[in-house]
Amino acid sequence: MSEIVFEIENLFAHYGNHRVLDNVNARILSKGITAIMGPSGCGKSTLLRCLNRLNDMIPSFSMKGVIKFHGQDIYSIKNLTEYRKKVTMVFQRPNPFPMSVFDNVAYGLRIQGITKKELLRDKVEEALKKAALWDEVKDKLKKPAVQLSGGQQQRLCIARALAIEPEVILLDEPTSALDPIATTKIERLLESIAEQYTVIIVTHSMGQALRISDEVIFLYEGRLIEYGLTSEVVKEPRHEMTRQFLTGKIG
């Protein structure tokens, strides 16, 4: 039976006076892919960013409730940098650093104090292979990362995240700026790494959520309407609103 990674209990989130999340309760299991889906503005990205406390950097943000990571309240964690190494984020638009392909992937490793050239080479290669990018860039490692295509840049960002050996990878609509071919490559990549990592993805695409996720969280206007095994939610949704979303009547 899969271990519980996150427990979300009675979660409310506000930006100023605007309530974005309304009493959300859910559990996220280890490994596999959990998709957070719902219409635009329903609180998907806010929920995702709550999981590694990125919202803390927004002055108007406030939160009530509890989020536990392996049973520990994440607001009791003292070393936030170490926590974010375990629970890392890949953003909506590819954001390679203005440096070479190699240095992008090695960046987090060097921050961790790894300086031995041979070890860096091995870890960079391993991360690029996990991100299904090695064959495409092995002869371009010294070239600027910004010269890669959009889909390659996004896989590079995933490789950069994988290099520091996290436990959880959070992805905020990682394919929304990509073409269908690049999107398919990212989806196949996520399916492959989900055997080893816990993957939590926000997606505006209901089709994507249904294609790649093992479990799904459906939000509507900040409220959690339904969550569970994707196959069961699709086959027999418990709520009429879920049924309407799946058939395209809302959203």
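Scroll up to find the structure.
The model shown is predicted, which means the values in this text are computed figures rather than measured ones.

We now examine the pattern of salt bridges. Scanning all chains against the criterion turns up 13 salt bridges. With its nearest N and O atoms 2.8 Å apart, the salt bridge here joins Asp56 to Arg53. Given the relative accessible area of 30%, Asp56 is considered partly exposed. Looking at Arg53, the relative accessible area reads 12%, which means it is buried. Taking the shortest distance from any N to any O, the salt bridge between Glu125 and Lys129 comes out at 2.7 Å. Taken together, the positions of Glu125 and Lys129, both in helix α4 (residues 117-130) and four residues apart, correspond to about one turn of that helix.

As for its position among the elements, His14 is in strand β1 (residues 4-15). Classification of His14 by relative accessible area gives buried; the value is 18%. A polar contact of 3.5 Å, which involves the side chain of His14, links it to the side chain of Arg19. Beyond its immediate chain neighbours, meaning those up to four positions away, His14 contacts Arg19, Val20, Ser60, Phe61 and Ser62.

The rules behind each value
- Residues numbered from 1 in each chain as written.
- Predicted model: local features only at pLDDT ≥ 70, side-chain atom pairs only at ≥ 80, totals over all residues.
- Heavy atoms only, no water.
- Salt bridge = Lys/Arg side-chain N within 4 Å of Asp/Glu carboxyl O.
- Buried < 20%, exposed > 50% of the residue type's maximum accessible area, 1.4 Å probe, protein only.
- Helix = DSSP H or I, 4+ residues; strand = E, 2+ residues; numbered from the N terminus.
- Polar contact = N/O pair within 3.5 Å; in protein donor to acceptor, adjacent residues only side chain to side chain.
- Contact = heavy atoms within 4.5 Å.

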